[in-house]
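# Coordinate inspection notes
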Amino acid sequence: MIFAYNPKYVSDTLLVITENDKGLEQTVERKGNVARLQTEDGRVIGWNFFAISEVMTIDGTGQVTLSDEQVGQLNELMREVGFAEQLTPDHEPKFVVGFVKSCEAHEDSDHLSITEIEVDNGQTLQIVCGAPNIRKGLKVVVAKPGAMMPDGMLIWPGELRGVASYGMICSAKELNLPNAPMKRGILELGSDAVIGEAFKVGK
């Protein structure tokens, strides 16, 4: 679940993205200051909460983190206007340190690699990566499914050249880090980076 807030460009509206719309047509049902977004196949893929600053103070812009109390306030707003659905707090970091356990060339590509990345407590994600410097043994920054990149791009499970991919291995430029090199390639972290630890991106 992604919470996004950017009052300068999107007005005083909290955007809550719960699922990938998969490119399907959307319908919007608004009740009061709450709007529910659904795809044509009936899935609820997000919510908009208008005039949100009248209800709570949100720290930061772009992808933001809400406390359990704030999520509870959103659920109360939804109940008050007549929506039955409820939001569940999600405290799992979406940008984390990962370790490249394996890296194999994609059979149907001259530049893609299929990697297995350990992200926390032995959990691994298969990620297809096109960076020229990807290799086994690196520590890297992984944007997990449910992440919002600094440029607003959303990360969802997908496929590249027919191979499932569950996230993205990031470059310094994609993370909007200061003094990021312009050349292609993922960010290589030091050996002391802790696998699974949250990584702070730029804004």
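Before any of the text, the structure's been laid out above.
Residues numbered from 1 in each chain as written. Predicted model: local features only at pLDDT ≥ 70, side-chain atom pairs only at ≥ 80, totals over all residues. Heavy atoms only, no water.

## Some details on the nonpolar core
Membership of the largest hydrophobic core comes to 20 residues, with the highest contact counts inside it found for F3, L14, W47, F49, I52, L74 and L87. Taken together, the elements giving at least two residues each to this core come down to β1 (2-5), β2 (13-17), β5 (44-50) and α2 (68-81). Residues in contact with L74, not counting those within four places in the same chain, are F3, L14, F49, I52, M56, L66 and L87. Ranked by size, the runner-up nonpolar core spans 14 residues in total, among them I117, V140, I169 and I186. (Core = buried A, V, L, I, M, F, W, Y, C linked by side-chain atoms within 4.5 Å. Buried < 20%, exposed > 50% of the residue type's maximum accessible area, 1.4 Å probe, protein only. Helix = DSSP H or I, 4+ residues; strand = E, 2+ residues; numbered from the N terminus. Contact = heavy atoms within 4.5 Å.)

## Notes on the sheet that holds strand β4 (residues 34-39)
The strand order across the open sheet built from six strands is β3-β4-β5-β2-β1-β6, with neighbouring strands paired in antiparallel fashion. Sheet topology places β3 (26-31) and β6 (62-63) at the edges, where each strand pairs with a single neighbour. Pairing geometry for β1 and β2, over four bridges, is antiparallel. Looking at the pairing, Y5 lines up with L14 of β2. (Pairing = 2+ DSSP bridges.)

## With respect to the environment of Y5
By secondary structure assignment, the location of Y5 is in strand β1. A residue is classified by how much of its surface remains accessible, and Y5, at 9% relative accessible area, is buried. Between the C-alpha atoms of Y5 and D59, which are 54 residues apart in sequence, the distance is 9.0 Å. Aside from chain neighbours lying at most four places away, what touches Y5 is D12, T13, L14, I52, S53, I58, G60, T61, G62 and V64. A polar contact of 2.7 Å, which involves the side chain of Y5, links it to the side chain of D12. (Polar contact = N/O pair within 3.5 Å; in protein donor to acceptor, adjacent residues only side chain to side chain.)

## A few points about the packing of aromatic side chains
Per the counting criterion, the structure on display carries one aromatic pair. In this structure, R30 is placed above the aromatic ring of F50, and the distance from its NZ or CZ to the ring centre is 3.9 Å. One residue, K31, lies across the ring of F83, its end atom 4.6 Å from the ring centre. (Phe/Tyr/Trp six-rings, centres within 6.5 Å; stacked < 30°, edge-to-face > 60°. Lys NZ or Arg CZ within 6 Å of the ring centre and 35° of its normal.)

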